[in-house]
Structures are given as C-alpha cells and as structure tokens.
Amino acid sequence: MGVLNKIADLFMVFVYFFVVLGCWCVVFFYVYPFIDESKSVSNTHKWIGYFVFVACFGSWRLANKSTPGFITPKTFKRYDHYPYDALIFPPGRRCESTNIIKIPRSKFDRIKYKANIPRYDHFCGWVYNTIGEENYRWFLLFLVVHVIMCSYGSTVCFLLFRGEIRDKQLLELTFFDRATGEEVESTWFIVLQFLFAQETAICTVMIVMGVMALALGGFLGYHVHITSKNQTTNEDDKWKDVLKWYKTEKKRWDEAVAAGLVKPDETEEPTNEKKGPVVGDGDVTCTGASAAPAESQEGKSPDDEYFDPGAEPKNLHNKGFKQNWMEVLFPISLRKDVLKHGGYSRPPPGASR
C-alpha cells in the first residue's frame, strides 16, 4: 500500500517528465533538422536550445532537492524572525504533531517531511517538494525557466512556419483536393491544414508550449504578486478568510448602529478566542496529493453581540516591495546575522542560542 501511495504522490512528476521530455525529443529530432533547412531561422537557436534544455532540468533538480528549512528545538531561534499578528498567526499555540511552539508563518508538512516548515508556501507536486523559506527562490527560478522555455520554443516554431510559408510562397499556390479531385485556391486555413499534416509533431509541440507558456506565466504572475506584498500561497487563502470575517462583522456593526441596537461609543475590543477570525489550516498543494485538510469555518460573533472590528486588517509582514523580495532571494534564516532578527516566540527547552 505504501508503494501505491508513493506512486500516486509522484504521479505529477511522471506527467512532467513525460510531457517535457516528449517535447524535447520532438525538438531534437524534428525541429532542429527544420532549422537546418530554414532560411529564416538561424542555427544559433540550436545552441540556445541546448542551454535551455540544461536550464530546464537543472532548475527542476534544484527545486526538487533543495530543502525548505526545518524548525526543531535546536533550530528554533534561527527561524523566529516574524511577529505574531493576532489574526492568522495568534501567539501561544503549539503544533499538534511536534508540540513545538508555532512560529508565525510556519506550518507542519504532512506530505513529505513530516516536520514544521518555516514560511510555508505550498507542496508542489511537479517537483515533489515542500516549498518554504529556504527554497521558495528555487521554486520561482523553476517557474521562470519554464515560462521562458515554453515562450521561446513556441516562438521559434512559429518563426519556422512563417518562414516556410514565405519561402515556399504557400499562400500563392493552388492545392489539389484528393477527395473531390478539384483544384483549390490557397487560403490561410488550407495552408495551416497543410502545415499541420506535413509537420504534425512540430505543430503539436508548438501548441502545447504556447498553452503552457500562458498557464505558467499566469501562475508565475500570481507568485510575483503575493511575494511583492510578502504573502505565501498558504497565507493568501487565510487572508481571504480574515477579510471575509472583517466585512461580515463590519456590516453587522454598521447595521446594528443604524437600527439603534448599539451606540458607537459602547463597542468593546474583540477577543481572539471569541470574536476573532477562524481561518482554515488545510494542506496547500498544486496536486491531488493525499493529505487530510484541517476543518475550516468562518468566525462569527453571536447574534446578540456586536462590536466594531475597526480598521481593515493589514499584513504586518509587508515591509515594502524591495524588502519583501530581499527576504525571498536572500532568506533571513541563511544570513550570518540571523540571530539578530526577531525573537518573537519563547524558544523550547534545548534551543540553541
């Protein structure tokens, strides 16, 4: 049963290598000879292709083998550099699996490492690795390389076909319809049908790479967006829960004030235990890897209680565009002055100082 579960968890890796290696085989055995015959595309693209090939699987290897960092009693202070926000990261909690104090932005990885991961982002099935503080930059590199690879490959194929149409004057030819025995004047539709029939493998790879360039580009754009405001994939979902809670309580408070049920000066400060938001804590993955998600629900005050939630909650970890990216490209936990940062949590017994 363990072997079957392992195969199931590695399914996306098998799909990745099947698709990517399949496309590269078409490139080496069909596109490269096409380049040799083409008058429109330089042979330089073949040498660039070799570099892209190495970068492609090199970035996968790096994202797969790099570790996200592990919070243990001995490494606790090394990762304790983010403040509690009393919203999605309230103080005083311990991990139910390891009994270690929960450092803000950390999460227990149930899928691969079975350990507490600092600045947990998500589990990526394409590289079969958990993404956290110390390897998020390599995951981003993996995305960047593959967006460039797919964009570049589809563009070269397009240029090859455009040159083929121009050099052989396909739009000026007359085609013979075998089904009817009639001669047909050339149109774009007929030319595209002709090219697809003549170069089916190359056309298929061009379409696959074009679609993947758009999909991966959108995914990369999402990660650039959340990184720029110092959020992780895991936190992005939690902040949606927080803002939903805030809008609900703010609406209830405004309606209560308008109905005369309460006076604005009678509000009380909400307590985390009773009136704070309740956010989900399920596993964040980009695959169907097996793991039971934690139960999630929306925090809500009792119907007869009202309070003003105040100003809209803000992300305390957002330090500005430049600093946010510096934390990703140069993780705090790997810096020489790491112990000078933070110290927001009480370290467990045996923690290094």
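Refer to the preceding data block for the structure.
For the rest of this paragraph, the subject is a nonpolar patch on the surface. Taken together, Val3, Leu4, Ile7 and Phe14 make up a surface patch of nonpolar side chains, about 420 Å² in accessible area. With 3 residues, the single largest contributor to the nonpolar patch is helix α1 (residues 2-9). Mapped onto the fold, Leu4 is located in helix α1. Since its relative accessible area comes to 56%, Leu4 is described here as exposed.

Turning to its location among the elements, Glu182 is positioned in the loop between β5 (174-176) and β6 (183-185). Setting aside chain neighbours within four positions, we find Glu182 in contact with Phe175, Phe176 and Asp177.

Below, the discussion takes up the environment of Arg137. Residue placement: Arg137 occurs in helix α5 (residues 136-167). Those residues in contact with Arg137, other than ones at most four positions away along the chain, are Val328, Leu329, Pro331 and Leu334. Here the side chain of Arg137 touches Leu329 through a polar contact of 3.1 Å, landing on its backbone oxygen.

Moving on to the pattern of salt bridges. This structure, assessed with the given rule, holds 9 salt bridges. The residue Arg166 makes a salt bridge to Asp167 at a minimum N-O spacing of 4.0 Å. In this structure Arg166 comes out as partly exposed when scored by relative accessible area, which is 48%. When its relative accessible area of 38% is taken as the criterion, Asp167 is described as partly exposed. Note that Glu249 is salt-bridged to Arg252, the shortest N-O span being 3.3 Å. Within this pair, Glu249 and its partner Arg252 are both found in helix α8 (residues 233-258), separated by 3 residues, close to a single helical turn.

Any two packed helices are characterised by the angle at which their axes cross and by the distance between the axes. For the pair helix α2 (residues 11-37) and α5, interaxial distance at closest approach is 12 Å and the crossing angle is 35 degrees. Along this stretch, α2 crosses α5, giving a crossing that reads as left-handed. Touching Tyr16, Trp24, Val31, Phe34 and Ile35 of α2 are Phe142, His146, Met149, Val156, Cys157, Leu160, Phe161 and Glu164, all from α5. A per-class count over the contact of α2 with α5 returns 11 nonpolar, 1 polar and 1 charged.

Bringing the packing of α5 against helix α9 (residues 321-329) into the picture now. For the pair α5 and α9, the least separation of the axes is 7 Å and the interaxial angle reads 95 degrees. In this view, α5 runs roughly perpendicular relative to α9, as classed from their interaxial angle. For the pair α5 and α9, contact is made by Tyr136, Arg137 and Leu140 and by Trp325, Val328 and Leu329, respectively. Taken together, the residues of the contact of α5 with α9 break down into 5 nonpolar, no polar and 1 charged.

What counts and how
Residues numbered from 1 in each chain as written. Predicted model: local features only at pLDDT ≥ 70, side-chain atom pairs only at ≥ 80, totals over all residues. Heavy atoms only, no water. Patch = residues over 30% accessible without salt bridge, like charges linked within 9 Å, V, L, I, M, F, W, Y side chains within 5 Å. Areas by Shrake-Rupley, 256 points an atom, 1.4 Å probe, with all protein chains shown as cover. Salt bridge = Lys/Arg side-chain N within 4 Å of Asp/Glu carboxyl O. Helix = DSSP H or I, 4+ residues; strand = E, 2+ residues; numbered from the N terminus. Buried < 20%, exposed > 50% of the residue type's maximum accessible area, 1.4 Å probe, protein only. Contact = heavy atoms within 4.5 Å. Polar contact = N/O pair within 3.5 Å; in protein donor to acceptor, adjacent residues only side chain to side chain. Axes fitted to C-alpha atoms, helices over the stretch in contact; angles between N-to-C directions. Left-handed = near helix turned anticlockwise from the far one by under 90°. Nonpolar A, V, L, I, M, F, W, Y, C, P; charged D, E, K, R; others polar. Parallel < 35°, antiparallel > 145°, perpendicular 65-115°, else oblique.

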